[in-house]
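Below are the chains, spelled out letter by letter.
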Amino acid sequence: GAVVSQHPSRVICKSGTSVKIECRSLDFQATTMFWYRQFPKQSLMLMATSNEGSKATYEQGVEKDKFLINHASLTLSTLTVTSAHPEDSSFYICSASPELAHGYTFGSGTRLTVV
Amino acid sequence: RKEVEQDPGPFNVPEGATVAFNCTYSNSASQSFFWYRQDCRKEPKLLMSVYSSGNEDGRFTAQLNRASQYISLLIRDSKLSDSATYLCVVNSGAPSGSARQLTFGSGTQLTVLP
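Quick summary incoming for the structure in this document. (Residues numbered from 1 in each chain as written. Chains lettered and ligands numbered in written order. Predicted model: local features only at pLDDT ≥ 70, side-chain atom pairs only at ≥ 80, totals over all residues. Heavy atoms only, no water.)

**Description of the interface of chain B and chain A**
Move 1: At the interface, 19 residues of chain B touch 22 residues of chain A.
Move 2: Regarding the contact of chain B and chain A, the summed buried area is about 1,700 Å², with carbon and sulfur atoms giving 54% of it.
Move 3: On inspection of chain B and its partner chain A, the count reaches zero salt bridges.
Move 4: Counting every contact that joins chain B to chain A gives three residue pairs in polar contact (both at pLDDT 80 or more).
Move 5: Within the residue set of the side of chain B that touches chain A, elements represented by two or more residues are strand S4 (32–38), strand S9 (84–91) and strand S10 (102–104) of chain B. (Contact = heavy atoms within 4.5 Å. Buried area = accessible area lost by both parts, 1.4 Å probe. Salt bridge = Lys/Arg side-chain N within 4 Å of Asp/Glu carboxyl O. Polar contact = N/O pair within 3.5 Å; in protein donor to acceptor, adjacent residues only side chain to side chain. Helix = DSSP H or I, 4+ residues; strand = E, 2+ residues; numbered from the N terminus.)

Right, dumping it as structure tokens:
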């Protein structure tokens, strides 16, 4: 089945630093990947759609200069949280789908804690 | 009104019980529907797709009513391992730089008690 690998699974960083999260599709090519954020006891909220070879599309209220997305190849998308603050602490999850007719596969998520 | 609404629960049921979750969606143009399961501090995992004709996978049965914009999940003979949060997910096909976009319900928490 489709596998999406996300790395790192957990990161603690100091306020003001940047953190890069990687999302890889291991056995399929993904022209589109999605980045979500989930706060405790809340549902997943789509942050942005990552498009291979072009600019990402951000959801309303998500700062594109703060959450930098790069989708340089058909199997890799990265999300960089720049100048992280404690309020950015959350569970970040990526997803992709090998075929449009099927459900989406999620990466294992990255738990970011900004101290 | 939220695009996808679920009863948050929690549902606390004894082992062996039958439990049903409901979900409503607001976008009548929604194209596909799923139930995902999310364990605490883990990523969501696809439980099953939901088809108009209804579908069953072992102890799990999913139903879709397009006219009422309503989706359900029935779990029979519940097991301790069924304890999780169940997410109703709708593909609205809304433009967002992509042909497809998933909208997640806030989830229904289930605890199966011994």
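**Thoughts on the state of the cysteines**
Move 1: What the rule picks out here adds up to two disulfides over all chains.
Move 2: Disulfide pairing is shown between Cys23(A) and Cys94(A); the S-S distance is 2.0 Å. Every disulfide takes its handedness from the sign of the S-S torsion; for Cys23(A) and Cys94(A) that torsion is 85°, giving right-handed. You can see Cys23(A) sitting in strand S3 (residues 19–25) and its partner Cys94(A) sitting in strand S9 (residues 90–96), a full 71 residues away along the chain. Neither residue differs from the other here; Cys23(A) and Cys94(A) are each classed as buried.
Move 3: Here Cys23(B) pairs with Cys88(B) through a disulfide, and the sulfurs are 2.0 Å apart. When the S-S torsion is -75°, as for the bridge of Cys23(B) with Cys88(B), the disulfide is left-handed. Here the residue Cys23(B) occupies a position in strand S3 (residues 19–25), and Cys88(B) occupies one in strand S9, the gap between them amounting to 65 residues. (Disulfide = S-S within 2.5 Å. Buried < 20%, exposed > 50% of the residue type's maximum accessible area, 1.4 Å probe, protein only.)

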